[in-house]
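Summary of the model geometry
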Amino acid sequence: MKVTVIGCGYLGATHAACMAELGHDVLGVDTEDAKIASLSRGEVPFFEPGLSDVLRRNIDAGRLRFTTDYDEAAAHASVHFLGVGTPQQQRSHGADLSQVFGAVESLVTRLHGEHLIVGKSTVPVGTAAELSRRIAVLTAGDEATSIELAWNPEFLREGFAVEDTLAPDRIVLGVDPARTDSKAEGVLGELYREIFEAGVPFVRTDWPTAELVKVSANAFLATKISFINAVSELCEVVGGDISTLADAIGYDARIGRRFLNAGLGFGGGCLPKDIRAFVARAEELGVGDSLAFLREVDAVNMRRRTAMVELIENACGGSVLGANVAVLGAAFKPESDDVRDSPALNVAGQLALRGARVTVFDPKAMGNAGKLYPTLRFAESAAAAAASADVVVVATEWAEFVHMAPEELASTVARRVIIDGRRCLNPETWRAAGWRYLAIGSRSEPVLTDRQAGLLRKTSSSRSTGMLV
Ligand code: UDX
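Residues numbered from 1 in each chain as written. Predicted model: local features only at pLDDT ≥ 70, side-chain atom pairs only at ≥ 80, totals over all residues.

With respect to unusual backbone geometry
In this structure, His93 takes a positive phi of about 70° despite not being glycine. Position of His93 relative to the elements: it lies in the loop between β4 (79–82) and α5 (98–108). For His93, a count of 17 C-beta atoms within 10 Å gives the class partly exposed. (Helix = DSSP H or I, 4+ residues; strand = E, 2+ residues; numbered from the N terminus. Buried ≥ 20, exposed ≤ 12 C-beta atoms within 10 Å, placed from the backbone.)

Focus: the site of the ligand
Close to the ligand lie 19 residues, the nearest being Glu158, Asn261, Phe266, Gly268 and Cys270. A per-element tally of the shell around the ligand places helix α10 (residues 207–238) first, with three residues. Taken together, the residues of the shell around the ligand break down into 10 nonpolar, six polar and three charged. (Near = placed C-beta within 6 Å. Nonpolar A, V, L, I, M, F, W, Y, C, P; charged D, E, K, R; others polar.)

Quick word on the environment of Asp25
In this fold, Asp25 is placed in strand β2 (residues 25–29). Residue Asp25 is classed as partly exposed on the basis of its 17 C-beta neighbours within 10 Å. Considering only alpha carbons, one finds Asp25 and Ala382, 357 residues apart in sequence, at a separation of 44 Å. Once you skip the residues sitting within four places of it in the chain, Asp25 turns out to touch Lys2 and Arg63. (Contact = placed C-beta atoms within 7 Å.)

Here we look at the sheet that holds strand β14 (residues 436–439)
Backbone-to-backbone hydrogen bonds join strands into a sheet, with any given pair of strands oriented parallel or antiparallel. Pairing within the open sheet is parallel, and its six strands lie in the order β11-β10-β9-β12-β13-β14. The open sheet has two edge strands with one neighbour each: β11 (377–378) and β14. Pairing geometry for strand β12 (residues 391–394) and strand β13 (residues 417–420), over three bridges, is parallel. Residue Val392 lies in a different strand from β13, and its bridge partner there is Ile418. Strands in contact with helix α13 (residues 293–315) are β9 (324–328), β12, β13 and β14; relative to β13, the strand with the most contacts, it is inclined by about 170°. (Pairing = 2+ DSSP bridges. Axes fitted to C-alpha atoms, helices over the stretch in contact; angles between N-to-C directions.)

Some details on the domain arrangement of the protein
According to the domain assignment, the protein consists of domain 1 (2–200) and domain 2 (299–465). Each of domain 1 and domain 2 has a C-alpha centre, and the two are 40 Å apart. Contact with domain 1, which involves five residues of that partner, is made by six residues of domain 2. The residue inventory of the side of domain 1 that touches domain 2, partitioned by class, reads three nonpolar, one polar and one charged. (Domains from an automatic or database assignment.)

As for the UniProt feature "binding site: NAD(+)" (unreviewed entry) in the protein
The positions UniProt marks with the feature "binding site: NAD(+)" (unreviewed entry) are Asp30, Lys35, Thr86, Thr122, Glu158, Lys273 and Arg340. These residues run over 311 residues, and the two farthest C-alpha atoms among them are 23.4 Å apart, placing them at more than one spot. Examined against the element boundaries, Thr86 turns out to sit in the loop between β4 and α5. Residues contacting Thr86, with those up to four places away along its chain left out, are Ala95, Asp96, Leu97, Gln99, Val100, Ser121, Thr122 and Val123. Among the structural elements, Thr122 can be located in the loop between β5 (114–119) and α6 (127–138). (UniProt positions renumbered as here; feature names shortened; annotations may be inferred.)

Observations regarding the environment of Ile225
Its location among the elements puts Ile225 in helix α10. When the C-alpha atoms of Ile225 and Phe259 are compared, they prove to be 5.8 Å apart, with 34 residues separating the residues in sequence. If we skip the residues at most four places from it in the chain, Ile225 touches Phe259, Gly265 and Phe266.

Overview of the nonpolar core
Core analysis: the largest hydrophobic core is formed by 83 residues, its most contacted members being Val5, Ile6, Ala16, Leu82, Val104 and Leu107. Sequence-distant contacts of Leu107, that is, excluding residues within four places in its chain, are made with Ile6, Tyr70, Ala73, Ala74 and His80. (Core = buried A, V, L, I, M, F, W, Y, C linked by C-beta atoms within 7 Å.)

Side note on the packing of α10 against helix α12 (residues 271–284)
Helix packing geometry: the angle between the two helix axes and the distance between the axes. At a closest axis distance of 9 Å, the pairing of α10 and α12 adopts a crossing angle of 115°. Between α10 and α12, the angle falls in the class roughly perpendicular. The two elements α10 and α12 cross, and the hand of that crossing is left-handed. Contacts between α10 and α12 pair Val215, Asn218, Ala219, Leu221 and Ala222 from the former with Leu271, Asp274, Ile275 and Phe278 from the latter. When the residues that make up the contact of α10 with α12 are grouped by side-chain class, the tally is seven nonpolar, one polar and one charged. (Parallel < 35°, antiparallel > 145°, perpendicular 65-115°, else oblique. Left-handed = near helix turned anticlockwise from the far one by under 90°.)

Focus: helix α14 (residues 343–353)
Among the 11 residues of α14, eight are classified as buried, and the element is accordingly described as predominantly covered. Of the residues making up α14, those classed as buried are Pro343, Ala344, Leu345, Asn346, Val347, Ala348, Gly349 and Leu351. On its buried face, α14 sits against α13, β9, β10 (357–361) and α15 (366–372). Positive backbone phi, approximately 100°, marks Gly355, located one or two places after α14.

Comments concerning the pairing of β12
Residues Val391 and Val393 point to one face of β12 and Val392 and Val394 to the other, with burial holding for every one of them. Bridge analysis of β9 against β12 gives four bridges, and the strand direction is parallel. Bridge pairing in β12 places Leu328 opposite Val394.

Following this line, the structure appears as structure tokens:
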């Protein structure tokens, strides 16, 4: 089948490549010349394991092309996926829908005959209904043109984008509740035939439910992470072990162990912005109280970053002024070069603001990190970042950091102090190699001299650090 994918960012580029992989004739459309040029050469402009292979294979097979030309898109197919971005608005924290509205207008004004537009972007509830109104206005008077709008949210995780697209946990389709002649289910059934044949659950519903499913899923995941991080704040005070606690509650199948890893909390282009947009939308709809708890989820998450900075400060004797701090990790999570709202970079930036000499290393995200934080220092390897460090901080749990040899790193640092922001290292291994190991979410033995600790007690709040209690 012939399809277009409008918007070739993370979601769109992956969807376009995967649709071609399923055998369809795909045209990807984006307004950014550089992005289209790079994708046309088979180069993915971001790091995503496996995606460039799928992209190249399908370009070579003649099933996948990219363009900036909406006329070409309108002529190419009668099914159009919409995967443009919905970034956070600076002021309201709601979703900025200008790309969604702009893309639909650019496309619809060029369409003739029968078409299906399938929204995939994460949008506030009510967006499909609003788009439908706009489409009706744009096509008014054109009796020969009929456009159906459906919503088929995407749940892909960065680092697993191809796998999540081709073998998703479920497929959700929201159709116009007022429409009796919907063709969307039949069209999607054909387009995703291979996926459905693997037995993937299918949920057919209305627009608002489909829109809400996506943001609810992300809000629930964020809530799980902040729940465990909130309990970890208690563990810091009383000396409990949050990792053991997560294991123990996670054995209950109703709770589940996944997304219960305490640490620096969630970042990235989805979870933080989605929960804020969800709250903003609920407030617009007059039901702000219903989602008020998500503000607390956000607050717990942001508090972890500050707690981490304070833990590092204490490890440096109460202040990081002039201290050498190696921050290992810049991406918001491993297997990604995405630094959007990255907890790791946020901590690095806060440390620099407090006067530390911060050196950052990340296996994939150095380029993006440098653009966002040009004043930070960057090293070529973990060992280079740790040279003369007073403290080494693990802020993103890349496998190469998890498996670092403590003995090797010991020879380059000024002081053997390691702070585990993701609770991903084995404390025993590090302690056995003579390191002082501290982790966010654990009560840590003081690393200061008695005099330093005495001075600190006067100034720092014991609750926020958990260290000096
Ligand atoms: C998320 C959703 O998982 C995905 O379904 C949706 O389509 C897009 O948003 P992604 O942003 O790629 O995907 O990242 P995810 O793997 O969910 O991780 C989000 C953040 O949570 C990361 O910063 C990660 O480090 C953090 N996290 C995750 C934790 O702090 N603890 C955990 O237990 C799990």
